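# Descriptive analysis of the structure
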Amino acid sequence: MFRLFVLAGLVALNVAGPINIELSSEWDLFKSTYNKFYAQEEELLRRVIWERNLKHVQQHNLEADRGVHSFWLGMNEYADMTPEEFVSAMNGFRMNATKPFQCGKFMALSHIKLSDLPTTVDWRKEGYVTGVKNQGQCGSCWAFSATGSLEGQHFKKTGQLVSLSEQNLVDCSGKEGNLGCQGGLPDQAFDYVIQNKGIDTEESYPYTEKNGVCKFKRANVGATAVSCLDIEQGSETDLQKAVATVGPISVGIDASHVSFQLYKTGVYTESSCSSVNLDHGVLAIGYGSQGSQDYWLVKNSWGTSWGMQGYIMMARNKDNMCGIATSASFPTM
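Definitions and limits used
- Every chain's residues receive numbers from 1 upward, in the order its sequence appears when written.
- Totals for whole chains, interfaces and linings use every residue, but because this is a predicted model, local features are given only for residues with pLDDT of at least 70 and side-chain atom pairs only at 80 or more, for both listing and counting.
- Excluded from the side-chain calculations are hydrogens and water; all other atoms, namely the structure's heavy atoms, are used.
- UniProt positions are given in the numbering used here, feature names are shortened, and annotations may be inferred rather than shown by experiment.
- Each reported salt bridge corresponds to a side-chain nitrogen of Lys or Arg within 4 Å of a carboxyl oxygen of Asp or Glu.
- Numbering of helices and strands starts at the N terminus; helices are DSSP runs of H or I of at least 4 residues and strands are runs of E of at least 2.
- Burial here depends on accessible area, computed with a 1.4 Å probe over protein chains only, as a share of the maximum for the residue type. Under 20% is buried, over 50% is exposed, and the range in between is partly exposed.
- Between two residues, a contact is recorded if the distance between any of their heavy atoms is within 4.5 Å.
- Think of each axis as a best-fit line through the C-alpha atoms, taken over the contacting stretch in the case of a helix, with angles from 0 to 180 degrees between the N-to-C directions.
- Roughly parallel refers to an angle under 35 degrees, roughly antiparallel to one over 145, roughly perpendicular to one between 65 and 115, and oblique to any angle outside these ranges.
- By convention the crossing between two helices is left-handed if the near helix lies anticlockwise of the far one by an angle smaller than a right angle, and right-handed if it lies clockwise.
- Three classes are used, and their members are as follows: Ala, Val, Leu, Ile, Met, Phe, Trp, Tyr, Cys and Pro are nonpolar, Asp, Glu, Lys and Arg are charged, and the others, Gly among them, are polar.

Under an unreviewed UniProt entry, the name given to the protein chain is Cathepsin L, and the source organism is Sinanodonta woodiana. As stated in UniProt under Sequence similarities (unreviewed entry), the record for the protein chain gives "Belongs to the peptidase C1 family."

Quick look at the structure:
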């Protein structure tokens, strides 16, 4: 059965020829660095995928060094996965909600001009942002996006930075339309916290990387919310005003490309990105410019081996790159 799986995988990858023996020491280092263990039959498939991704990274970075691209790729802990299986395992932002829910509308502070806003914002420096977390192979990105915005607003209100429980949302917000590791939406997570009158702390309700039975305890509530607000769909201007004046904002993006899976540093652009078909929930924690390129500073939930220690700079003011302003929202407290 495993042999058939491997052969089918190699055929699907359209890979011909043997593996590159000269890369064996690098392959062993990759496995030990990220604690990778495979059945013998599966290892061949993972090695072929890893080598293909390595070749792609090397070619991309040669082009980036020549100025063809504004960002560089790297071999992170996800380099042994195809883009298709990576998206299936990691990206759980569900555009078609099982139970449609909308927050109120964010009034974009029309009296504020962009010229009135700071040129650079990074809410980490103000204490609004917890450390980078890792959702593992569970499509719970929506929950991490939601807790990030809740944590920021709780800090803004109380001056206390409290890490909140994604597992609480994974296990308990099904009534609001979320599907745990099978996906959900930050707005529906906010709806749960509002209706439930709270969300537990991370410490009291730790993350397990899988669906579970709801174990919410009122005594362990770390934050509450009274409402939530949606930012005007597609408006990077309104998103910038929100990020500058409100704090970290939950956003959905199209993260379905190998360029995102293996992103390392620089300002990310992707010509194949969709601004409407979103599949991943992240957190916009700031913005700025690098040379002539504007960017959004975004916190991901794939651990610190990915990107810039878990963060990415995504192109800003470039036709709503990857839909970052298409589905943005935050809670109020």
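Now, onward.
Before going further, it helps to examine the pattern of salt bridges. Note on pairing: side chains with opposite charge can pair once their charged atoms come close. Throughout the structure, instances matching the rule amount to 11 salt bridges. Lys-31 is paired through a salt bridge with Asp-28; the nearest N and O atoms lie 3.6 Å apart. Of the two residues, Lys-31 and Asp-28 are both situated in helix 2 (residues 24-33); the distance of three residues between them amounts to about one turn of the helix. A residue is classified by how much of its surface remains accessible, and Lys-31, at 16% relative accessible area, is buried. For Asp-28, a relative accessible area of 43% gives the class partly exposed. With its nearest N and O atoms 2.8 Å apart, the salt bridge here joins Arg-47 to Glu-51. Of the two residues, Arg-47 and Glu-51 are both situated in helix 3 (residues 40-65); the distance of four residues between them amounts to about one turn of the helix. For the pair formed by Arg-47 and Glu-51, the shared burial category is buried.

To continue, consider the UniProt feature "domain: Peptidase C1A papain C-terminal" (unreviewed entry) in the protein chain. UniProt tags residues 117-332 as "domain: Peptidase C1A papain C-terminal" (unreviewed entry). Helix and strand shares over residues 117-332 are 23% and 23% respectively, and the end C-alpha atoms of the span are 21 Å apart.

This brings us to helix 8 (residues 236-245). Burial analysis of helix 8 places eight of its 10 residues in the buried class, the great majority of the element. Every buried residue of helix 8 is accounted for by Glu-236, Asp-238, Leu-239, Gln-240, Lys-241, Ala-242, Val-243 and Ala-244. Taken together, the buried residues of helix 8 touch strand 3 (121-122), strand 7 (249-253), strand 9 (280-290), strand 10 (293-299), strand 11 (311-315) and strand 12 (328-332). Looking one or two residues beyond helix 8, the residue adopting positive phi is Gly-247, at roughly 135°.

Time to look at the packing of helix 5 (residues 141-158) against helix 7 (residues 186-196). Contact geometry of helix 5 with helix 7 gives a least axis separation of 8 Å together with a crossing angle of 60°. Relative to helix 7, the element helix 5 lies oblique. Like other packed secondary-structure pairs, helix 5 and helix 7 cross with a definite hand, here right-handed. Residue-level contacts link Trp-142, Ser-145, Ala-146, Ser-149 and Leu-150 of helix 5 to Pro-186, Ala-189, Phe-190 and Val-193 of helix 7. Of the residues in the contact of helix 5 with helix 7, the class split is seven nonpolar, two polar and no charged.

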